[in-house]
Amino acid sequence: MGILPQPAAMDFEHAQQLPVGSLTGIGPQSAARLQKIGIHTVQDLLFHLPLRYQDRSRITPIALLQPGDPALVCGEIEFTDGLERGRPSIVCRIRDHSGSLSLRFFHFSVQQSLQLKPGVLLGCFGELRYGYAGPEMVHPEYRIVRSPEQLLDPELRPVYPLTDGLSQSVLRKAVKQAIDLCLTRQDGVTDWLPAELLQRHGYPGLKEALLTLHNPPAAIAAERADNNRPPALRRLAFEELLAHHLALLQGKLRYKNRPSPVFPADEAARRQFVKALPFRLTAAQHRVIAEIENDCGRPQPMLRLVQGDVGSGKTVVAAVAALPALAAGFQVAVMAPTELLAEQHFRNFSNWFAGTATSVQFLTGQMKGKTRQPVLEAIGSGAANIIIGTHALFQDSVQFQRLGLIVIDEQHRFGVNQRLALREKGQPAGLHPHQLIMTATPIPRTLAMLQYSDLDISVIDELPPGRKPVTTSVIPSERRSEVIVRIRHWIAGRRQAYWVCTLIEESEQLECEAAEKTAANLTLALPEARVGLVHGRMKAAEKDRVMQAFKNRECDLLVATTVIEVGVDVPNAGLMIIENPERLGLSQLHQLRGRVGRGDQESYCLLLYLSPLSQLGRQRLAILKESGDGFVIAEKDLELRGPGEVMGTRQTGLMQFKIAELNRDADLLDAVPEAAQLLLARHPESVPALIRRWIGDNHHYAEV
Ligand code: ADP
Ligand code: MG
């Protein structure tokens, strides 16, 4: 093949790591294109698996062709026509014993059009579709033959995922070389999974798995087409999931090995603080506080996730957890995903710490120049003790004097990526801050392993006493006028309500426009109501003014986009209408609904769906009607829609897989933690190798 100067001295480990540019047929341009889809080395090519396979082992009678199903046909040309109408094209009709088919070509040479003469036997590979003139294939691959047998190819042809400017044949040739280099020799590619693990799961070795998938026997391709996973594919998906899990675990181990400040718990200070609160902490809150205090009392950084349903009182837990750090003279940063929520935290913390020596400060990206500078100075000098804000807290311009604890609220809004980057917000003294992460989105156990296996988990599994469950109804949009009557009565009773407009096509602008329109319509329909509007495109000060007015009861009906999703607290607002709830994930709906039911009166949530609703849509909304428990809701949503959907791209952050697909492969996750422990304990050398193979070198996990 002439790729390497001295095959005899070749280091096979090295062969895997060769740049793809060293393969015959891959010039600098193709190499650059391959890079775009993440293929840098020969090994990357080996792990670039076919999407599907082409079967040219048999000829399909024309009458049996299925649209969308590529197939090989063979027939005699009846006639060929040049068409001038519109784009110039030629149409060539072929016939076999079962029927006839038109072939349409838009790009063709004169020579080509001359070859396609009546009576010629033509083999074609392509996909059937229905055009003006009946069944046709557009630009099929074709060959003039003397007998149909000439067309047959017993081997399945892999079809690889491509990128612009790269052809199947270039890729096939390159993969074939990669296989020759690494797979057809002894030890060409290292199998990092120990034999006992393979045996336990019935997985083939790595070499066999890769060979099978690139050059499969026909039976396997058929299996794969049926969405059955042959062991070869299962093994690779498992290996990839394992690598991601290991990367998180390793990040944790490394971070945990760093020094961090020790904050001894101060019982007296805690008691005093808790006594001053307007409520009594629940047993669950006390338990979680104790877990956090225990972590912060150690010289290694805490990495703890607090999960607690909406309204379980996570904010105050963070405030109590901050006391030991403050007592030791360290700063505490509290980060919220939105300005609105950051402001609310700021108000709460300011109240709780009023009359103490603790200075609570506020910083968001909206603050500029004169308002920003003094806050930055206070953070830098240590005059600010608790700093609350949005992700602006972690910009380079913000220098903490002595950061001891980072609290990240509603973590699911931030990707794994961002969370890990935050850990790098270093310390002048080389001491790493403790980290507390709070989320209301319950992540089912299996998925937690990919999302949170670098964290210790605490659960607040109890709501403050006296909360009444929210009565939820599912109502079709045809009954909108009844809903409006209901709002009228509600407001007449001096209570307030939310009207939530949901996301349209992931476009914030459209969502905001819809909210504006809805607010105008509701103002017309309910002339006696004071209607407010808050959406994501409003300036922070404006949003704040509207929210404040709503809190002060200067507004009866608040029309909002999903910006109110997290944390907003107005106890008198006990009615929520969610328009087009079918567009949102159940966990998100549950969070929205958590805005009501915060007081001690009855509260209601009306899910005003656009009918007709699919069977699945109805089932999903019914879950919400029946359950008020965020964990149950998340589990059921998972069952109905699969993990990929439930986690959503926004929530998965870094989690992009080459081979594994969460919806298909979630069942493989169960065995991942045990395998990870086995590798860490007995084959530690394989851990970094697996991470490098599947995730690469430049990932955040490695930087932690
Ligand atoms: P979440 O867990 O959703 O972030 P919050 O921290 O916003 O919940 O708390 C919701 C409301 O419950 C707030 O008004 C908070 O002051 C109040 N709260 C918190 N803990 C308790 C408690 N133990 N008893 C009564 N009310 C509480
Ligand atoms: Mg909260």
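The structure displayed is predicted, hence computed values, not measured ones. (Residues numbered from 1 in each chain as written. Chains lettered and ligands numbered in written order. Predicted model: local features only at pLDDT ≥ 70, side-chain atom pairs only at ≥ 80, totals over all residues. Heavy atoms only, no water.)

Re the sheet that holds strand β21 (residues 573-579)
Ordered by their spatial adjacency, six strands build an open sheet running β17-β22-β21-β18-β20-β19, and the pairing between neighbours is parallel. At either end of the open sheet lies a strand with only one pairing partner, and these are β17 (471-476) and β19 (531-534). Pairs of neighbouring strands in the sheet enclose a mean axial angle of 20°, with direction left out of account. By the bridge criterion, six bridges tie strand β18 (residues 496-501) to β21 in an arrangement that is parallel. Counterpart to V500 in the pairing with β21 is I578. Contacts from helix α20 (residues 586-593) reach β17, β18, β21 and β22 (604-609), with the element oriented near 150° to β21. (Pairing = 2+ DSSP bridges. Helix = DSSP H or I, 4+ residues; strand = E, 2+ residues; numbered from the N terminus. Axes fitted to C-alpha atoms, helices over the stretch in contact; angles between N-to-C directions. Contact = heavy atoms within 4.5 Å.)

A look at the environment of E602
Within the secondary structure, E602 sits in the loop between α20 and β22. Measuring from C-alpha to C-alpha, the distance between E602 and G574 comes to 7.0 Å, with 28 residues separating the pair along the chain. Excluding residues within four positions of it along the chain, E602 makes contact with K468, T471, W490, R495 and G574.

A look at the confidence of the model for the protein chain
Per-residue confidence for the protein chain averages 85 on the pLDDT scale, and 88% of its residues sit at or above 70. In the model of the protein chain, helix α27 (residues 700-703) stands out as the element of lowest mean pLDDT, 38, in contrast to helix α11 (residues 283-296), which has the highest, 97. In the predicted structure, residues 1-10 sits below a pLDDT of 50 and forms 14 contacts with residues beyond four places in sequence or in another chain. Counting contacts from residues 648-654, a segment whose pLDDT is below 50, to residues more than four positions away or on other chains yields 14 contacts. (pLDDT = per-residue confidence, 0-100.)

So, the site of ligand 1
Taken together, 16 residues form the shell around ligand 1, and within it R280, G311, K314, T315 and D569 come nearest. Here an oxygen atom of ligand 1 sits 3.1 Å away from a polar atom, N or O, in the main chain of G313. Between ligand 1 and T315 there is a distance of 2.6 Å, counted from an oxygen atom to a side-chain nitrogen or oxygen. For ligand 1, the accessible surface in isolation is 570 Å², of which the surrounding protein chains cover 86%. Looking at the shell around ligand 1 residue by residue, the class counts come to four nonpolar, six polar and six charged. (Near = heavy atom within 4 Å. Polar contact = N/O pair within 3.5 Å; in protein donor to acceptor, adjacent residues only side chain to side chain. Areas by Shrake-Rupley, 256 points an atom, 1.4 Å probe, with all protein chains shown as cover. Nonpolar A, V, L, I, M, F, W, Y, C, P; charged D, E, K, R; others polar.)

Notes on the sheet that holds strand β16 (residues 456-460)
An order of β12-β13-β11-β14-β15-β10-β16 is seen for the seven strands of this open sheet, with the pairing classed as parallel. Because the sheet does not close on itself, it has two edges, and the strands there are β12 (360-363) and β16. For this sheet the average axis-to-axis angle between neighbouring strands, irrespective of direction, equals 20°. Relative to strand β13 (residues 386-389), strand β11 (residues 331-335) runs parallel, the two being bridged by four bridges. Pairing of V332 across the sheet is with I386, part of β13.

A closer look at the pairing of strand β5 (residues 121-126)
With five of its six residues buried, β5 lies for the most part within the structure. Here β5 pairs with strand β8 (residues 141-144) via four bridges, running antiparallel. Within β8, the position partnered with G123 by the bridge is R143. (Buried < 20%, exposed > 50% of the residue type's maximum accessible area, 1.4 Å probe, protein only.)

Regarding the packing of aromatic side chains
Within the structure shown, the criterion is met by ten aromatic pairs. With centroids separated by 5.5 Å and ring planes inclined at 45°, the aromatic side chains of Y203 and F238 adopt a geometry described as tilted. Of this pair, Y203 sits in the loop between α6 (195-201) and α7 (206-214) while F238 sits in helix α9 (residues 231-256); the two residues are 35 residues apart in sequence, bridging distant segments of the chain. For the residue pair Y203 and F238, the accessibility class agrees, reading buried in each case. Ring-pair connections join several aromatic residues into one group, and the members of that group are F273, F349, W352 and F353. Lying over the aromatic face of Y604, R486 brings its terminal NZ or CZ to 5.3 Å of the ring centre. (Phe/Tyr/Trp six-rings, centres within 6.5 Å; stacked < 30°, edge-to-face > 60°. Lys NZ or Arg CZ within 6 Å of the ring centre and 35° of its normal.)

Things to note about the environment of R664
Among the secondary structure elements, R664 is positioned in helix α24 (residues 662-665). Here the alpha-carbon distance between R664 and A237, two residues 427 residues apart in the chain, equals 9.8 Å.

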